[in-house]
Amino acid sequence: MKHFRTITTVILTAALFYLAFPQAAFAAAEQEGHSITLPQLLILGFVLGLYLYNHFKDKIKAMFTKKQ
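As a starting point, this report considers the structure included with it. Keep in mind that this is a model prediction, so the values were computed, not measured.

Once that is clear, we can look at the overall build of the chain. A count of helical and extended segments in the chain gives four helices and zero strands. Put simply, the chain runs from its N terminus to its C terminus through helices and strands in the order α-α-α-α. A buried classification covers 9% of the 68 residues belonging to the chain. Of the roughly 6100 Å² of accessible surface on the chain, a fraction of 68% belongs to carbon and sulfur atoms.

To find the voids left in a structure, one rolls a probe of water-molecule size over its atoms. Empty space within the largest pocket amounts to approximately 480 Å³. For the lining of the largest pocket, the elements supplying multiple residues, two or more each, are helix H1 (2-20), helix H3 (38-55) and helix H4 (57-64). Here the residues of the lining of the largest pocket sort into seven nonpolar, five polar and three charged.

Cut-offs used in this document
- Residues numbered from 1 in each chain as written.
- Predicted model: local features only at pLDDT ≥ 70, side-chain atom pairs only at ≥ 80, totals over all residues.
- Heavy atoms only, no water.
- Helix = DSSP H or I, 4+ residues; strand = E, 2+ residues; numbered from the N terminus.
- Buried < 20%, exposed > 50% of the residue type's maximum accessible area, 1.4 Å probe, protein only.
- Areas by Shrake-Rupley, 256 points an atom, 1.4 Å probe, with all protein chains shown as cover.
- 1 Å grid on protein atoms, 1.4 Å probe; cavity = no way out; pocket = protein on both sides within 12 Å on 5 of 7 lines; lining within 4 Å.
- Points joined across faces, edges and corners; volume = space filled by probe spheres on them.
- Nonpolar A, V, L, I, M, F, W, Y, C, P; charged D, E, K, R; others polar.

What follows is the structure, encoded as structure tokens:
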């Protein structure tokens, strides 16, 4: 279940980046130049999500644990 939750989070994060920056995702198809494509954007979202999770892992776990 934990693996499913992680994959779902990554997919939703990538979708959020896609919705926030749609012009960047389609810029390479419309014109030539230095633009980011959709697969690059998805990989960027995945790597950024992994980095942020690993960097703030202790704080995230502490936020969701019950204090006794």
